[in-house]
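# Residue-level structural notes
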Amino acid sequence: MNKLEIDVIRRTVNATLDPQKKISLGQYMTPSVIADFMAGLFEKLNNATLLDCGAGIGSLALAAAKRLESISKIDLWELDPIMTNQLDKNLIRLGAPYELHQRDFIFDAVESIRSNSGERYTHAILNPPYKKINSDSKHREALREVGIETVNLYSAFLALTIKLMSKEGEVVAIVPRSFCNGTYYKPFRKMLLNECSIEHIHVFNSRNKVFQEDDVLQENIIIKLVKGKRQGQVNITQSTDHQFNDHQTRNVDFSDVVKPSDLQAFIHIPLEKQEENHTLFAVSLPQLGLGVSTGQVVDFRMKKFLEQDPTEGAVPLLYPHHFENGEFQYPKKHKKPNAIKVAADSQKWLMPNDGFYVIVKRFSAKEERRRVVAYIVNPEEIGKKWIGFENHWNVFHVQKHGLEKTTALGLACFLNSTVLDNHFRVFSGHTQVNATDLKNIKYPTPQFLNALGKEYHPRMRQEEVDFLVERIND
């Protein structure tokens, strides 16, 4: 079957799928041009055994079979009857021996791993489903039986695939980039890095074109892993979109991908040569005497204390909508409350208004130029003894107290700079900014922050911020 045939079938089948079922199963079908690129990362091997879990109509398996040429068996998992009907037809035309399992891959794989039975594969190619796994679900319980702790179906499928591979078995997957950083994926990263070498990572510079037919904005990467192989350099490639017309490639040391001293094991993807700037990225937050925490007021848990308008016994409760173009706008007419009452059961979630706070939005809008967007909270503008930070903020503080003014201004300037944003994007591929991410990066020295703080003001344009950081760094 040629690529045109496969893509026509894929679009036809995709149009017949129930939209709600697609969401519940996390179904996003792979265009043939991506399938061919992924299969092209495989090394050829006689009598290969191939795994494709979440096979869809077989685009990936067909591309892999064409690349590998000599296959003794293909195992495929697919639950959706609409998919399996077409998948069966496509595989028959392929002519290679295969077995189609119309069962839940997670439960089958866990049983195979737990009992040390079933096939072990030389090659695996996958576009796994994308959907969160509840902490009390049967899937989560089954995964724990084989030592896998993770929060999404895509990382669960990839983790199980790794465990089903033979020595030096090759895995090629297209997955969201979200596992590369953050606390929730740390156990998964540790398992992946302990069991595999990373050989290749491909990045799509456009977030909305890989699965554009499904209107997917999640940033995806293609990653090639080899089980049990000694780690060498990593091939980093990039293209604007899934057509690969402007494909670029470079090899980097593994220490540029996973920093040897990083206990979080963040996976960086350096698209350009990174010159280590020892002035801008010099010290840790604890070395600055600072901390960062998620905003402690979870509004739906504290409804009885919330007030739409400020009153005598209430203090400001700050949401992202209270800041616009770097300026504080309070109170503000909105569906969300403006204030929170101070009481014995609410005060422990508030912070003292005894200095300047620097706050960073946890979720940046997809149209915003920067991932990291920081604001200054001036105690004089609050005018109350306490202040509430809603859960959509990351809050920089000094042992739960405010910062000195110049330090706060300097920190906000650095966080709003393009150089920091570019640095952050190397290990973060999604719009969420976690407190763990902010703890993991390095910051300028106190002297540098002080120099920035003396000249920075929140209404500066991006060009002015970047010029200030560059000038003081010279």
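Heads up: these notes are all about the structure in this document. (Residues numbered from 1 in each chain as written. Predicted model: local features only at pLDDT ≥ 70, side-chain atom pairs only at ≥ 80, totals over all residues. Heavy atoms only, no water.)

What follows is about the side chain of serine 346. In this fold, serine 346 is placed in the loop between strand E15 (339-341) and strand E16 (351-352). Residues within four places of serine 346 in sequence aside, it is in contact with Met302, Phe305, Ile340 and Lys341. (Helix = DSSP H or I, 4+ residues; strand = E, 2+ residues; numbered from the N terminus. Contact = heavy atoms within 4.5 Å.)

Spatially, nine strands are ordered E3-E2-E1-E4-E5-E7-E6-E8-E9 in an open sheet, and the strand pairing comes out mixed. The open sheet has two edge strands, strand E3 (98-101) and strand E9 (248-252), and neither has a second partner. Across this sheet, the average inter-strand angle for adjacent strands is 15°, counted without regard to direction. Where strand E8 (residues 234-239) lies against E9, five bridges are found, and the strand directions are antiparallel. By the bridge assignment for E9, glutamine 238 is matched with glutamine 248. (Pairing = 2+ DSSP bridges. Axes fitted to C-alpha atoms, helices over the stretch in contact; angles between N-to-C directions.)

In this section: the sheet that holds strand E11 (residues 306-307). Adjacent strands of a sheet form backbone hydrogen bonds with each other and so pair up, either parallel or antiparallel. Taking strand neighbours across the sheet as the criterion, the five strands line up as E11-E15-E12-E19-E16 in an open arrangement whose pairing is mixed. Strands at the two margins of the open sheet, each flanked by one partner only, are E11 and E16. Alignment of E16 against strand E19 (residues 386-389), held across two bridges, turns out to be antiparallel. Across the sheet, methionine 351 pairs through a bridge with isoleucine 387, a residue of E19.

The omega torsion of the bond from tyrosine 330 to proline 331 falls at -10°, within 30 degrees of zero and hence cis. Relative to the helices and strands, proline 331 resides in the loop between strand E14 (327-328) and E15. Even without being a glycine, alanine 265 presents a positive backbone phi close to 55°. Within the secondary structure, alanine 265 sits in the loop between helix H10 (254-257) and helix H11 (285-288). With a phi close to 50°, glutamine 399 is a non-glycine residue in the positive phi region. Secondary-structure assignment places glutamine 399 in the loop between strand E20 (393-397) and helix H13 (405-415).

It is worth spelling out the nonpolar core at this point. Residues Phe105, Leu158, Leu160, Phe179, Ile201 and Leu225 are the most contacted members of the largest nonpolar core, which totals 50 residues. In terms of residue count, helix H8 (residues 153-163) provides more of this core than any other element does, eight residues in total. Residues contacting isoleucine 201, with those up to four places away along its chain left out, are Ile221, Ile222, Ile223, Val234, Asn235, Ile236, Thr237, Ile267 and Ile269. In terms of nonpolar packing, the next biggest core, distinct from the first, is built from 38 residues, Val358, Phe427, Ile441 and Val465 among them. (Core = buried A, V, L, I, M, F, W, Y, C linked by side-chain atoms within 4.5 Å. Buried < 20%, exposed > 50% of the residue type's maximum accessible area, 1.4 Å probe, protein only.)

Before going further, it helps to examine the packing of helix H3 (residues 32-39) against helix H4 (residues 59-68). Relative to each other, H3 and H4 sit at 40°, their axes nearing to 8 Å. By the angle between their directions, the pair H3 and H4 is classed as oblique. The element H3 and its partner H4 pack so that their crossing is right-handed. Contact with H3, carried on its side by Ala35, Asp36, Met38 and Ala39, involves Ser59, Leu60, Ala63, Ala64 and Arg67 of H4 and no other residues of that element. (Parallel < 35°, antiparallel > 145°, perpendicular 65-115°, else oblique. Left-handed = near helix turned anticlockwise from the far one by under 90°.)

For the rest of this paragraph, the subject is the side chain of threonine 84. One can find threonine 84 in helix H5 (residues 81-94). Classification of threonine 84 as buried rests on a relative accessible area of 3%. Excluding residues that lie within four positions of it along the chain, threonine 84 makes contacts with Glu78, Leu100 and Gln102.

Time to look at the packing of aromatic side chains. The final tally for this structure, using the stated rule, is 18 aromatic pairs. A centroid spacing of 5.0 Å and a plane angle of 45° characterise the contact between phenylalanine 105 and phenylalanine 157, whose relative ring orientation is tilted. Residue phenylalanine 105 is located in helix H6 (residues 105-114), and its partner phenylalanine 157 is located in helix H8; the two are separated by 52 residues in the primary sequence. A ring pair is formed by phenylalanine 323 and phenylalanine 328, whose centres lie 5.2 Å apart and whose planes are at 40°; its orientation type is tilted. As far as the burial class goes, phenylalanine 323 and phenylalanine 328 line up, both buried. Site record: aromatic cluster; members linked through ring pairs are Phe323, Phe328, Tyr330, Tyr375 and Trp393. (Phe/Tyr/Trp six-rings, centres within 6.5 Å; stacked < 30°, edge-to-face > 60°.)

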